[in-house]
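Spelled out from the first residue to the last, the chains are:
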Amino acid sequence: MPPAASRQGPRAMASTVRPRRLCMRSAVALALPLLPLLAVAALGGCRDEAPRVTPVHAATSPAPAKSATPHENSAKDAGAGATAEISDAGATYDGPLIAALFHQTVVMSDMEWPKDDAKKGESKSVRLGYIRQGAKVPVIPEPHKKSNCQEGWYELVAGGFVCGKYATLDLNHPRVKSAPKPPDMSAPLPYQYGYNVTNGTPLYRTMPSREERLRYEPWLAGKKKTKKPVADDSDTSQDSAQTDLADAGLQLATSRTTAAEDDTPWYLKDYDGGRPMVTLDDLKGDGPVARRMVKGFYLSLDHSFPAQHPGWWKTQSGLITPYGAVWLQKPPTEFHGIWLNEKAEAKDGAKGDREKKEVDFKNPQAGVGFILWTKARKYIIGGEKKKAITGDPISRFSAVRLTGERTTIGGNIFAETEDGWWMKEQEGTRTKPGAAPADLAPGEKWIDVNLTTQTLVAFEGDKPVYATLVSTGRRNFQDKEKDHPTPPGTFRIREKHIAATMDGDGAADGPYSIEDVPWIMYFNGSYALHGAFWHANFGHVQSHGCVNLSPLDAKAMFGWTEPRVPDGWHGVNSTPERPGTRVVVHD
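Residues numbered from 1 in each chain as written. Predicted model: local features only at pLDDT ≥ 70, side-chain atom pairs only at ≥ 80, totals over all residues. Heavy atoms only, no water.

### Examining the overall build of the chain
Under the convention used in this document: Starting at the N terminus, helices and strands are each numbered in turn, a helix being any DSSP run of H or I of at least four residues and a strand any DSSP run of E of at least two. Accessibility here uses a 1.4 Å probe with only protein chains present; expressed as a share of the type maximum, an area under 20% marks a residue as buried, one over 50% as exposed, and anything in between as partly exposed. Areas reported as accessible are Shrake-Rupley estimates using a 1.4 Å probe. Residue values count occlusion only from the protein chains shown.
Each helix and strand counted, the chain has 5 helices and 35 strands in total. Taking all 587 residues of the chain together, 50% fall into the buried category. In the structure as shown, the chain presents an accessible area of about 28,200 Å², 51% of it carried by carbon and sulfur atoms.

### Re the nonpolar core
Where we set the bar: Take the buried residues of types Ala, Val, Leu, Ile, Met, Phe, Trp, Tyr and Cys, join any two whose side-chain atoms come within 4.5 Å, and each joined set is a nonpolar core.
One finds Val449, Leu529, Met557 and Trp569 to be the most contacted residues of the largest nonpolar core, which totals 42 residues. Residue contributions to this core peak at 5 residues, all from helix H5 (residues 551–560). Residues Tyr298, Leu372, Val457 and Ile520 belong to the second largest nonpolar core, which totals 35 residues.

### Concerning H5
Along H5, 10 of the 10 residues are buried, which leaves the element largely enclosed by surrounding structure. Among all positions in H5, only Pro551, Leu552, Asp553, Ala554, Lys555, Ala556, Met557, Phe558, Gly559 and Trp560 are buried.

### Looking at the pattern of salt bridges
Using the following cut-off: Salt bridge criterion: a side-chain nitrogen from Lys or Arg within 4 Å of a carboxyl oxygen from Asp or Glu.
Enumeration according to the criterion identifies 14 salt bridges in this entry. Taking the shortest distance from any N to any O, the salt bridge between Arg132 and Asp516 comes out at 2.6 Å. Highlighted residues: Arg132 in the loop between strand E4 (127–131) and strand E5 (136–146) and Asp516 in strand E31 (residues 510–524), separated in sequence by 384 residues. Considered together, Arg132 and Asp516 belong to a single accessibility category, that of buried residues. Note that Arg582 is salt-bridged to Glu444, the shortest N-O span being 3.1 Å. In this pair, Arg582 sits in strand E35 (residues 582–586) while Glu444 sits in the loop between strand E25 (428–430) and strand E26 (445–450), placing the two residues 138 residues apart along the sequence. When its relative accessible area of 8% is taken as the criterion, Arg582 is described as buried. Several salt bridges share partner residues, and in doing so they unite Asp439, Glu444, Arg492 and Arg582 into one network.

### Observations concerning the environment of His544
Just so we agree on the cut-off: Polar contacts, as counted here, are pairs of nitrogen or oxygen atoms within 3.5 Å of one another; within protein the pair requires one atom able to donate a hydrogen and one able to accept it, and residues that are adjacent in sequence qualify only if both atoms are side-chain atoms.
Tracing the sequence through the fold places His544 in the loop between strand E32 (527–531) and strand E33 (547–549). Classification of His544 as buried rests on a relative accessible area of 7%. In this structure the side chain of His544 is engaged in a polar contact, spanning 3.1 Å, whose partner is the side chain of His484.

### Comments concerning the sheet that holds strand E27 (residues 455–460)
Worth spelling out the cut-off: One requirement defines pairing of two strands: DSSP has to find at least two bridges between them. The criterion used for residue contact is that any of the two residues' heavy atoms lie within 4.5 Å. Inter-axis angles, ranging from 0 to 180 degrees, are taken between N-to-C directions of lines fitted to C-alpha atoms, where helices are fitted over the stretch in contact.
Read across the sheet, 6 strands follow the order E16-E28-E27-E26-E35-E29 without closing on themselves; strand pairing throughout is mixed. The two strands at the open ends of the sheet, each matched to only one other strand, are strand E16 (338–339) and strand E29 (489–492). Sheet topology places E29 next to E35; 4 bridges connect them, and they run antiparallel. Paired with Phe491 across the strands is Val583, a residue of E35. In the packing of H5 onto the sheet, contacts are made with E16, E26, E27 and strand E28 (463–469), and the angle to E28 comes to roughly 150°.

### A short note on the side chain of Thr407
Looking at where Thr407 falls in the secondary structure, it is placed in strand E22 (residues 399–409). A residue is classified by how much of its surface remains accessible, and Thr407, at 11% relative accessible area, is buried. Once residues within four sequence positions are removed from consideration, Thr407 is found in contact with Ile381, Lys385, Asn412, Ile413, Phe414 and Trp422.

### Considering the pairing of E22
Of the strand pairs in this sheet, strand E19 (residues 367–371) and E22 are connected by 4 bridges, and their pairing is antiparallel. Paired with Phe370 across the two strands is Ala399, which belongs to E22. Of the pairings in the sheet, the one linking E22 to strand E23 (residues 412–417) comprises 5 bridges and is antiparallel in character. By the bridge assignment, Leu402 is partnered in E23 with Thr417. Two successive antiparallel strands, E22 and E23, enclose a turn made up of 2 residues, where Gly410 displays a positive phi of approximately 60°.

### Side note on the pairing of strand E21 (residues 387–393)
Consecutive side chains of a regular strand alternate in pointing toward one face of the sheet and then the other. Both strand E20 (residues 377–382) and E21 contribute to a ladder of 5 bridges, which runs antiparallel. Opposite Arg377, over in E21, you have Pro393 as the bridge partner. In this structure, the hairpin formed by E20 and E21 is closed by a connection of 4 residues, where Gly383 is found at a positive phi of approximately 60°.

### Description of the environment of Asp516
Classification of Asp516 as buried rests on a relative accessible area of 1%. Taking the C-alpha atoms as reference points, Asp516 and Ile498, separated by 18 residues in sequence, lie 8.2 Å from one another. Side-chain polar atoms of Asp516 contact the side chain of Ser300, separated by 2.7 Å.

### A closer look at the confidence of the model for the chain
The criterion, for reference: Every residue gets a pLDDT, meaning the predictor's confidence in that residue, from 0 to 100.
With 73% of its residues at a pLDDT of 70 or more, the chain has an overall mean of 81. Low pLDDT (under 50) marks residues 231–260, which in the prediction has 0 contacts with non-local residues, meaning those over four places away or in another chain. In the model, residues 344–355 has pLDDT below 50 throughout and makes 16 contacts with residues more than four positions away in sequence or in other chains.

### Observations regarding the state of the cysteines
This is how it is decided: Two cysteine sulfur atoms form a disulfide, by the criterion used here, when they sit within 2.5 Å.
As enumerated under the stated definition, the model contains 1 disulfide in all. At a sulfur-sulfur separation of 2.0 Å, the disulfide partner of Cys149 is Cys163. Linking Cys149 and Cys163, the disulfide has an S-S dihedral of approximately 95° and is accordingly described as right-handed. Of the two residues, Cys149 sits in strand E6 (residues 149–156) while Cys163 sits in strand E7 (residues 161–163), which places them 14 residues apart along the sequence. An identical accessibility class is assigned to Cys149 and Cys163; each is buried.

### Examining the sheet that holds strand E24 (residues 422–424)
Pairing is antiparallel in the open sheet, where 7 strands are placed in the order E21-E20-E24-E23-E22-E19-E25. In this open sheet, the two strands that pair with only one neighbour each are E21 and E25. Strand-to-strand twist across the sheet, computed as the mean angle between neighbouring axes with direction ignored, equals 45°.

### Looking at the packing of aromatic side chains
Convention followed: For Phe, Tyr and Trp, rings pair up if their centres lie within 6.5 Å, where Trp contributes its six-membered ring, and each pair is then called stacked (planes under 30 degrees apart), edge-to-face (over 60) or tilted (otherwise). For a lysine, the NZ atom is tested; for an arginine, the CZ atom; a charge sits over a ring if that atom is within 6 Å of the ring centre and within 35 degrees of the ring normal.
Taken as a whole and judged by the stated rule, the model has 19 aromatic pairs. Summarising the aromatic geometry, the rings of Trp339 and Tyr466 are spaced 4.5 Å apart at their centres and angled 65° between planes, so their arrangement reads as edge-to-face. Of this pair, Trp339 sits in strand E16 while Tyr466 sits in strand E28, placing them 127 residues apart in sequence. Residue classification places Tyr466 among the buried residues on the basis of a relative accessible area of 0%. When the centroid spacing of 5.6 Å and the interplanar angle of 45° are considered together, the rings of Phe491 and Phe523 count as tilted. A residue pair is termed long-range when its members are at least 10 positions apart, and Phe491 in strand E29 and Phe523 in strand E31 qualify at 32 residues. With respect to burial, Phe491 and Phe523 carry one shared label: buried. Directly above the ring of Phe102 sits Arg175, whose terminal nitrogen or CZ lies 4.8 Å from the centroid. Lying across the ring of Tyr267, Arg292 places its NZ or CZ 3.9 Å from the centre.

The structure is reproduced here in structure tokens:
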């Protein structure tokens, strides 16, 4: 993700990056030139495969899934992100707050704006992150007025400075009061999401009148009925002339129809089950319409409201769209990986006092196995490891700890689990992390992504702490337009976003747009670790290059990795003083 970032904002805040392959419109908003007069950033990202929607017609969000057990050194809710230093110290803050007025109110390291490329060496100020409209963060309320910010710079308690032109101490400011709902940091997903079901669905800037709706949504008027001509049977002497006139009329009608078809808007044409091959630029609207959507686009939703039956949705970006054109999206799975130091389960289901036996990742045959088949079974190996007896069923996505013992029976490889039964390896996959970076500091965090086994293992030094399934880029060696590999290499997380929009023009299958893809961690250009709520194909390649995780896994890794996101911030950049967590991608 489409897997996903957006065209929701000013081009001056973030330039558009178009890599050769999958991950288009890179989310480098925090690393590229910016004009803070503009409200939002054009982020970008990798596209994932066409999502499958689970329609939920109720206007309430689905019940949150149970979160993964957190690591003992992590916050109580690992996915909630890091808190500001004052919260880390255990203090309760009751001092003044400052609120963001724009979609991206940038936090600078110094009271300066970054210079352009020609003058880059003249400024030491860098972007530390940003705050979304309506978010409130602790601040030292004395302004520092400078020529580059007449309203004054305000120093944040968590570090960094914001210009008073783009933030306010007045928490009743109209832009603060009208801001969309903040992200839900306690849920698997930060926002409620909707799936657009119709080509051409408009996103309006303001509430349209009925006349405007009929103009911009012509399908609301329905098809006009045409009257059939009445034949005059008494006049048979002019049959030939009437036939000639009919033929001429038919030719004229056909000519007009052809011309009309050429002028038919893309969203009124019949694609016979296919996708319209239009570009994002073709979707730009006019008048009250900001843009139109292709079927399959995703929106992050703020709230619904009644008006002009059946009502409307307001999006997180402040646009409104017809209620009936959007289905609420329920994540198709509640799957998540496992923290590897969690307490063992007693037989009665209560938590035991002992730690589970530490998985020996130094043994290449050990690690964690994940069941991928829907009809997988537990196996009992008997007869001096010469016979495999089929046991109880084991559900898809179950995680099992492997001892390292393996045996081959009838051409099938079986791996012993810590619980005593054996897993048929063809019914799942298992972790196979590579070597740690050579210059790794003691206890330093790093993430291993195995493209072959489609697994991820998070480490602290040489100690594995979390394991799960991923979906990386889908390969197609016959068609370069559909070949989307995830590049191997060693990288560092460059920037993190609670959510950002990913969109782009797919050469092979048209445009895509997913608003506010959750828990994004960019590590290599436009390639990122991020949550995917539109598919449940974890353990198999699926994306257009990014590393897809389930929402719960992405949230857990978002909270565990560096740099940490201070309370109230929406995005953060790594710096030399606070480098990002390493990500090692390998076959």
